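# Structural characterization, general
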Amino acid sequence: MVNETSDRPRLTAKGARTRARIVEEAAALIHERGVAGATLEDVKVAAEVSGSQMYHYFPDKNDLVQAVIDYQADTIVKHQGHVLSSANGVEAWRNMVITAAKLTKAKGGCPLGSLGGQLAESDPEARALIAAGFDQWAAVIGDALRSLHADGKLPSGIDPDDLATTLLATLQGGLLLAQVHRSGQEEDCRNVAAAGP
């Protein structure tokens, strides 16, 4: 999911790497500090770019935040889509979520979900991008569930797309609870993915 306008000039390979570095550093800072707590100056320093480079790629913070939303959605879909496409995909996905929650003690919550909580009511463009990211994520989960359904591993009356939305909603709620409780305990982390197989 890339939010690029057609009037932007095509980037050189070096320019694309610089832009990607800025977005990656911004994503980390925003996840750690929140949108309001991460300034363009903070990102500039973390990405080791000049002010002119920063403003060349991102004329304002809204442009950068939108790029971060796309980055977080794409990263989630890429990594989790790979896991979900494996032979024991849904179980492997659940285990990956539990491991990630344990390692971070759920600090920051879900990179995409936390952006939704911060921006959904104040920024309609950001809300639309976050919604598209969640739709993309649900589609990847739905594809894995459709495969299980086709193999007869899910009851015939279950709609894989509905179940994907339910799993994603349960995951978001579990990550939020783990985040506010700041628990890295095994039992609490298992509750994050309680809706898994």
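See the structure printed just above.
Residues numbered from 1 in each chain as written. Predicted model: local features only at pLDDT ≥ 70, side-chain atom pairs only at ≥ 80, totals over all residues. Heavy atoms only, no water.

Moving on to the pattern of salt bridges. One side chain can pair with another of opposite charge once the charged atoms of both are near each other. Going through the model one piece at a time under the given rule, you end up with five salt bridges. For Asp161, the salt bridge identified is with Arg146, shortest N-O distance 2.6 Å. Placement of Asp161 in helix α8 (residues 160–181) and of Arg146 in helix α7 (residues 124–150) is noted, with a sequence separation of 15 residues between them. Looking at Asp161, the relative accessible area reads 40%, which means it is partly exposed. The class of Arg146 is partly exposed, set by a relative accessible area of 34%. (Salt bridge = Lys/Arg side-chain N within 4 Å of Asp/Glu carboxyl O. Helix = DSSP H or I, 4+ residues; strand = E, 2+ residues; numbered from the N terminus. Buried < 20%, exposed > 50% of the residue type's maximum accessible area, 1.4 Å probe, protein only.)

The next thing to look at is helix α5 (residues 89–104). Across its 16 residues, α5 extends 22 Å between first and last C-alpha, which sits within 8% of the 22 Å expected from 1.5 Å per residue. Along α5, the residues classified as buried are Gly89, Val90, Trp93, Arg94, Val97, Ile98 and Ala101. The first or second residue beyond α5 is Lys105, which carries a positive phi of 55°. (Expected span 1.5 Å × (residues − 1).)

All right, on to the nonpolar core then. One finds Ile22, Ile69, Trp93, Leu112, Trp137 and Ile141 to be the most contacted residues of the largest nonpolar core, which totals 48 residues. Listing elements by their share of this core, those giving two or more residues are α1 (13–33), α2 (40–47), α3 (51–57), α4 (61–84), α5, α6 (111–119), α7 and α8. Excluding residues within four positions of it along the chain, Ile22 makes contact with Val43, Ala47, Val49, Gln53, Met54, Tyr57, Phe58 and Leu64. (Core = buried A, V, L, I, M, F, W, Y, C linked by side-chain atoms within 4.5 Å. Contact = heavy atoms within 4.5 Å.)

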